[in-house]
Every structure is written in structure tokens, then in C-alpha cells.
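Here are the chains, one letter per residue:
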Amino acid sequence: MYCTSMLLTIQHSAALISLIGALVVVGVVLFLFTTSDQGDEKHEAKKMVYALRGKYFLGLAAVIVVGLVITLGMLPYPKFQTEAPDQTIVVVGSQWSWKMGPGELPAEPKKFKGKSTITLPPGKTIQFLVTASDVTHNFAIYNEQGVLLAQTQAMPGYWNDLRYTFAQGGTFKVLCLEYCGAPHTVMTGKIVVEQ
Ligand SMILES: [Cu+2]
């Protein structure tokens, strides 16, 4: 199982950070709740919380600034604007299916003739041009272990440029990450990567 890996994936790290943040909030609420009706001590507790609030704000601001400085350079977008992809795939999300295939940007995405299963080569930079024909969807590619590899919003009237290189062969699942109606979970696709 992939979760037995010693390395935390980005999703696991995000979940862990969210959990810790939620526990801190619960702790503060419990502290306020248990100290709010203790007469004279109320004033002291209030002062303590206000003092902590200032430090918490500064700490949080420092974490955000350092995080931005470290990670902004890792964003792939500037690089992608200058590098030509090896292959372009048009992706149109519609309630409740994905249409994928090679081709030019269609004037009317609704009429784009794509398939929910496509085959792509490994080791090539694939440019996914993603849009939607009705409501907002989210085009997300998962590997066989259920790990999210790449995703972008699929929005009516916009084309989002998502680049991804499949390092090796395999069968990859396409899911919608934006709730788009009751049958949202059946909105799936498949990308088979082979030579
Ligand atoms: Cu959806």
C-alpha cells in the first residue's frame, strides 16, 4: 500500500497540517470555554489569550512568508510558457463525462469529439488544454495507488493549460474534483500510458 511509504505525500502533509490546525482551534475554544465563567480569572484569561493572539499572528505570518519564498519558485507555470509541449490533448468536461483527444481548440467545446479513454506515450511533456461545456469541473489525474498527480479547474469559457510528463507506463484514472451534481462520482476517465 502506498501509505506505508516512509515519505509523506503532499496530500498526507496537507491532511496532517489541517489536523494539527484543527486541534489547535479546538484547544483554544476549550480553554476559553473552561475559563469563561471563573469570575476574576476571566480577565486574566482574556489578557493571556490576547497576548497569545499577537504571537500567533506573527508566527503565522512568518510561516506564510517563508513558505511562499521557498515554494513560489517551484510553480511550473513560468517554465511552461516558454517550453513547447511534445503533444497537446484537448479535454472537455461535461456533466458527467470527460472527452479527451488531440486537436485544435474547438470553437464549441460541447461539440468536441473526444473519448473518455486515451493512450499517451511515457516521457513526453503532455499539454492538457482543459475546459468545460456546462458547469465548473476539475480535471484530476491519479495513479494506480490513488495518489493525485496533477489537476486543474475545468471552467466554461476558459482554457487551462496543464502540463504533465508520465515518467513511466501504467493506467491512470481521471476524476472530477469539483462537485457538479449527483452523478459527479461517475465522471471518470482513463489514461493508458504505453509506448
Ligand atoms: Cu464533478
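Rules behind the numbers
- Every residue gets a number counted from 1 within its own chain, in the order that chain's sequence is written.
- Totals for whole chains, interfaces and linings use every residue, but because this is a predicted model, local features are given only for residues with pLDDT of at least 70 and side-chain atom pairs only at 80 or more, for both listing and counting.
- Strands here mean DSSP runs of E at least two residues long; helices mean DSSP runs of H or I at least four residues long; both are numbered from the N terminus.
- To assign burial, the other C-beta atoms lying within 10 Å of each residue's own C-beta are counted, with C-beta atoms placed from the backbone; 20 or more indicates buried, 12 or fewer indicates exposed, and intermediate counts indicate partly exposed.
- For every residue pair, C-beta atoms are placed from the backbone, and the pair is scored as a contact if these atoms sit within 7 Å.
- Two strands pair if DSSP finds at least two bridges between them.
- Lines are fitted to the C-alpha atoms to define the axes, a helix being fitted only along its stretch in contact, and any angle between axes, read from their N-to-C directions, falls within 0 to 180 degrees.
- Each nonpolar core comprises buried Ala, Val, Leu, Ile, Met, Phe, Trp, Tyr and Cys residues, the members being joined through C-beta atoms within 7 Å.

Remarks on the overall build of the protein
Assigned secondary structure in the protein consists of 3 helices and 9 strands. Reading the helices (α) and strands (β) of the protein from amino to carboxyl end gives α-α-α-β-β-β-β-β-β-β-β-β. Relative to its 195 residues, the protein shows a buried fraction of 18%. When contacts within the protein are restricted to residue pairs at least 6 apart in sequence, long-range pairs at least 24 apart make up 59% of them.

A word on unusual backbone geometry
For the peptide bond that leads from glutamine 95 to tryptophan 96, omega is 0°, which places it in the cis range. For tryptophan 96, the location among the structural elements is in the loop between strand 1 (87–94) and strand 2 (97–101).

So, the sheet that holds strand 4 (residues 125–132)
Across the sheet, which stays open at both edges, the 4 strands sit in the order 2-1-4-7 with mixed pairing between neighbours. Strands with a single pairing partner mark the edges of an open sheet, and in this sheet they are strand 2 and strand 7 (160–165). Strand after strand, the sheet turns through a mean of 25° between neighbouring axes, direction not considered. Where strand 1 lies against strand 4, 7 bridges are found, and the strand directions are parallel. By the bridge assignment, glutamine 87 is partnered in strand 4 with isoleucine 126.

Focus on the pairing of strand 9 (residues 189–193)
Side chains of strand 9 alternate between two faces, with Gly189, Ile191 and Val193 buried and Lys190 and Val192 left unburied. Sheet topology places strand 3 (residues 117–120) next to strand 9; 4 bridges connect them, and they run parallel. Looking across to strand 9, one finds that isoleucine 118 is bridged to isoleucine 191. Judged from the 5 bridges that link them, strand 8 (residues 170–176) and strand 9 form a sheet pairing that is antiparallel. If you follow threonine 171 over to strand 9, its bridge partner there is valine 192.

Brief notes about the sheet that holds strand 8
Taken in spatial order, the 5 strands make up an open sheet running 3-9-8-5-6, and their pairing is mixed. Each edge of the sheet is formed by a strand with only one pairing partner; in this case those strands are strand 3 and strand 6 (148–154). Strand-to-strand twist in this sheet, taken as the mean axis angle between neighbours without regard to direction, amounts to 20°.

Digging into the nonpolar core
The biggest cluster of nonpolar side chains holds 25 residues, and the ones touching the most others in it are Ile89, Val91, Phe128 and Phe139. Mapped by element, the contributors of at least two residues to this core are strand 1, strand 2, strand 3, strand 4, strand 5 (137–142), strand 7, strand 8 and strand 9. Once residues lying within four places of it in the same chain are set aside, the contact partners of phenylalanine 128 are Ile89, Val91, Phe139, Leu162 and Tyr164.

Any link to function would need more than the numbers given here.
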